[in-house]
Amino acid sequence: LLPSLLPSFLPSLLALFASSLAISLVFAIIPLCHNVVVLAVVMAVAGLAMGCIDTISNMQLVKIYQKDSAIFLQALHFFVGFGALLSPLIADPFLSDTNCILSNGTANASSNLPHIRKSLLPHHPGNLSRYDLPMKGMVVTRVSYAFWIMALINLPVPIAVFFLLYKERMVPCFNGSSHPLLSADELALETRPGDKDELSTSAQRPHTAAGHEDLFSCCQSKNFRGASFTYFAVHITGALVLFMTDGIVGEYSGFVYSYAVEEPLAVVHKVAGYLPSLFWGFITLGRLISIPVSYRMKPATMVFINVVGVLITFLLLLIFSSSVVFLFVGTASLGLFLSSTFPSMLAYTEDILQYKGCATTVLVTGAGIGEMVLQLLVGSIIHDRGSYSFLVCGMIFGCLAFTFYALLVFFHRIYPKPSPGKSPSPEP
């Protein structure tokens, strides 16, 4: 059965190859964009490619490893966090503290940059007309090298995917001379002993496995016929939990610097700049720790610890809002609790829905929308209400995440268990 399923991964592998190659091309093209419209189009292509990679990689891990997917999802998202932590470090040596445009007033302009940055940070910007910042002249910057380095670092990914396609004889023009990485016998040995009975049963029911061979099978209307209310409720509440938690990740990493440099904390700009790095560093550390923990702990328990930890951390940040030390402690704590929420929620929801992969698409979409919408919402609130509203918003989002998680657990309790010998997915 396993060798017969290999062609079902062809659309996913082709999409991964095209998306990862597009990201390398985008990073190489960005320094050459001299028009903001062209840059916006290029960045939109990058976002589309990253969304494809995110959805496909999570969905295929769930389908392949099923009950063991929690460990692999934690490992996947560890590398996501590691990349988010590493990329600013690669770009940092190429960033300039002075103006990148040379003119007769370059010296004065360079000294004015700190004042301009400080004037832009409060929620009511100051008068910038008194500062001289030349906009015409010879551009001198090395930031292009950072984008080209990232393009080169990413290039082995599409090469590796293409190599996998080639070795599994999935490339039409190169399928004559290659040999599969694993033969049919070796693939059978890779499965767990307990799965052999399932494989033999599945082999006798070839039509029931057909749903796995279509990448968009979960989007077909026939799969929703006869579905219970709880089937949709699990999808919606799971997506809403990630809408809130991933939204918190986006808004906290995006605005913690602005919150720190304003009153009452008034942290020095260079010190405040460490807060986003600290946040992403502990997200990466938390995901690394979660890999062995997920082997012993159920995903539902991990999600519960995460949402409660986020709620308590925001409550303490509000109580000690005038403490710079606790801001750093709270940032690290928040990173730890948010680190494994996404992969644990995917594993938990797919476990409820019998690992069909459909929930993964809904959850990834909900998380992406939350990360985008909540940043816009919090940014506008901070602009109108001041920096303290940053923590208040986080507390509200944390309460909503806990509420949606409680609803998800309730719907899990009443979700109908599949009968033995029947397909767990809704029947047409």
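Remember, predicted model here, so these are calculated numbers, not experimental data.

**Digging into the overall build of the protein chain**
Stage number 1. When you go through the protein chain residue by residue, the secondary structure sums to 17 helices and 2 strands.
Stage number 2. Here the protein chain, with 428 residues, has 40% of them falling under the buried criterion.
Stage number 3. The contacts in the protein chain between residues at least 6 apart in sequence include a share of 76% that link residues at least 24 apart.
Stage number 4. If you sum the accessible surface of the protein chain, you get close to 22,800 Å²; carbon and sulfur atoms cover 69% of it.

**Concerning the environment of S258**
Stage number 1. Assignment of secondary structure puts S258 in helix α10 (residues 229–261).
Stage number 2. The exposure class assigned to S258 is buried, which follows from its relative accessible area of 19%.
Stage number 3. For the pair S258 and I382, spaced 124 residues apart in the sequence, the C-alpha separation amounts to 9.5 Å.

**Considering the nonpolar core**
Stage number 1. Counting 62 residues, the largest nonpolar core has Y252, F314, L327, M345 and F390 as the members making the most contacts within it.
Stage number 2. Considering every element that reaches this core, the biggest residue donor is α10, with 15 residues.
Stage number 3. Aside from chain neighbours lying at most four places away, what touches F314 is I248, E251, Y252, L334, L391, G394 and M395.

**Here's the deal with the packing of aromatic side chains**
Stage number 1. Taken as a whole and judged by the stated rule, the model has 17 aromatic pairs.
Stage number 2. Between F27 and F147, the aromatic rings sit 6.3 Å apart at their centres with planes inclined by 35°, giving tilted as the arrangement. Taken together, the positions of F27 in helix α2 (residues 10–29) and F147 in helix α6 (residues 143–154) put the pair 120 residues apart, joining distant regions of the chain.
Stage number 3. The interplanar angle of 25° and the centroid separation of 6.1 Å between the aromatic rings of F78 and F82 together place this pair among those described as stacked. In this pair, F78 and F82 are both assigned in helix α4 (residues 69–91), 4 residues apart and thus about one turn of the helix distant.
Stage number 4. For F82, a relative accessible area of 37% gives the class partly exposed.
Stage number 5. Grouping aromatic residues by their ring pairs yields a cluster made of Y252, Y259, F279, W280, F314 and F390.

**Quick look at the UniProt feature "transmembrane region" (unreviewed entry) in the protein chain**
Stage number 1. Those residues carrying the UniProt feature "transmembrane region" (unreviewed entry) are residues 12–30, 69–90, 145–166, 229–249, 271–289, 301–320, 360–382 and 388–411 in this numbering.
Stage number 2. The distance from the first to the last C-alpha atom of residues 271–289 is 27 Å, and the span holds 95% helix and 0% strand.
Stage number 3. Along residues 388–411, the helical share is 96% and the strand share 0%, with 36 Å between the first and last C-alpha atoms.

**Examining the side chain of S344**
Stage number 1. Relative to the helices and strands, S344 resides in helix α15 (residues 341–352).
Stage number 2. Since its relative accessible area comes to 2%, S344 is described here as buried.
Stage number 3. Those residues within four positions of S344 in sequence are excluded, and the remaining contacts are Q74, P299, M302 and V303.

**A short note on the packing of α10 against helix α12 (residues 274–296)**
The description of two packed helices rests on the angle between their axes and on the distance between the axes.
Stage number 1. Running from amino to carboxyl end, α10 crosses α12 at an angle of 150°, the nearest separation of the two axes being 8 Å. With respect to α12, the axis of α10 lies roughly antiparallel. Facing α10, whose interface residues are V249, Y252, S253, V256 and A260, α12 presents L275, P276, F279, W280 and I283.
Stage number 2. Grouping the amino acids of the contact of α10 with α12 by side-chain chemistry returns 9 nonpolar, 1 polar and no charged.

**Section: a nonpolar patch on the surface**
Stage number 1. Together, L21, L25, I29, L152, L155 and I159 give the surface a local cluster of nonpolar side chains, amounting to about 520 Å² of exposed area.
Stage number 2. The element that contributes the greatest number of residues to the nonpolar patch is α2, accounting for 3 residues.
Stage number 3. Here L152 is to be found in helix α6.
Stage number 4. Overall, the relative accessible area of 60% leaves L152 in the exposed class.

**A few points about the side chain of N306**
Stage number 1. Along the chain, N306 turns up in helix α13 (residues 299–319).
Stage number 2. Residue class for N306 comes out buried when judged on its relative accessible area of 5%.

**Observations regarding α13**
Stage number 1. For α13, which comprises 21 residues, the first-to-last C-alpha distance of 30 Å matches the rise-based estimate of 30 Å (1.5 Å per residue) to within 8%.
Stage number 2. Of all the positions in α13, only M302, V303, N306, V307, G309, V310, L311, T313, F314, L317 and L318 are classed as buried.
Stage number 3. In this structure, the buried side of α13 is in contact with α4, α10, α12, α14 (324–339), α15 and α17 (389–414).

**What about α4?**
Stage number 1. The end-to-end C-alpha separation of α4 is 33 Å, in line with the 33 Å expected for 23 residues at 1.5 Å each.
Stage number 2. Those residues of α4 not exposed but buried are S69, A70, L73, Q74, H77, F78, G81 and I90.
Stage number 3. Those residues of α4 that are buried are in contact with α3 (36–65), α6, α12, α13 and α15.

**Things to note about the confidence of the model for the protein chain**
Stage number 1. Counting all residues, the mean pLDDT for the protein chain is 77, and 71% of those residues have values of 70 or more.
Stage number 2. A low-confidence stretch, residues 184–189 (pLDDT under 50), is modelled with 6 contacts involving residues beyond four sequence positions or located in other chains.
Stage number 3. Note on residues 421–428: pLDDT under 50 across the span, and 13 contacts to partners over four residues away in sequence or across chains.

**What to know about unusual backbone geometry**
Stage number 1. In the segment running from E263 into P264, the intervening peptide bond is cis, with an omega of 5°.
Stage number 2. Locating P264 in the fold gives a position in the loop between α10 and α11 (269–272).
Stage number 3. One non-glycine residue, A266, lies in the positive phi region at around 50°.
Stage number 4. Exposure remark for A266: the relative accessible area of 39% places this residue in the partly exposed category.

**Looking at the packing of α10 against α14**
Stage number 1. Running from N to C, α10 and α14 cross one another at 165°; their axes reach a closest spacing of 11 Å. When the interaxial angle is binned, α10 and α14 end up roughly antiparallel. In this structure, the crossing between α10 and α14 has a hand that is left-handed. Where α10 abuts α14, its residues T245, I248, V249, Y252, V256, Y259 and A260 lie against L327, T331, L334 and L338.
Stage number 2. Within the contact of α10 with α14, the residues separate by chemical class into 9 nonpolar, 2 polar and no charged.

Analysis parameters
- Residues numbered from 1 in each chain as written.
- Predicted model: local features only at pLDDT ≥ 70, side-chain atom pairs only at ≥ 80, totals over all residues.
- Heavy atoms only, no water.
- Helix = DSSP H or I, 4+ residues; strand = E, 2+ residues; numbered from the N terminus.
- Buried < 20%, exposed > 50% of the residue type's maximum accessible area, 1.4 Å probe, protein only.
- Contact = heavy atoms within 4.5 Å.
- Areas by Shrake-Rupley, 256 points an atom, 1.4 Å probe, with all protein chains shown as cover.
- Core = buried A, V, L, I, M, F, W, Y, C linked by side-chain atoms within 4.5 Å.
- Phe/Tyr/Trp six-rings, centres within 6.5 Å; stacked < 30°, edge-to-face > 60°.
- UniProt positions renumbered as here; feature names shortened; annotations may be inferred.
- Axes fitted to C-alpha atoms, helices over the stretch in contact; angles between N-to-C directions.
- Parallel < 35°, antiparallel > 145°, perpendicular 65-115°, else oblique.
- Nonpolar A, V, L, I, M, F, W, Y, C, P; charged D, E, K, R; others polar.
- Patch = residues over 30% accessible without salt bridge, like charges linked within 9 Å, V, L, I, M, F, W, Y side chains within 5 Å.
- Salt bridge = Lys/Arg side-chain N within 4 Å of Asp/Glu carboxyl O.
- Expected span 1.5 Å × (residues − 1).
- pLDDT = per-residue confidence, 0-100.
- Left-handed = near helix turned anticlockwise from the far one by under 90°.

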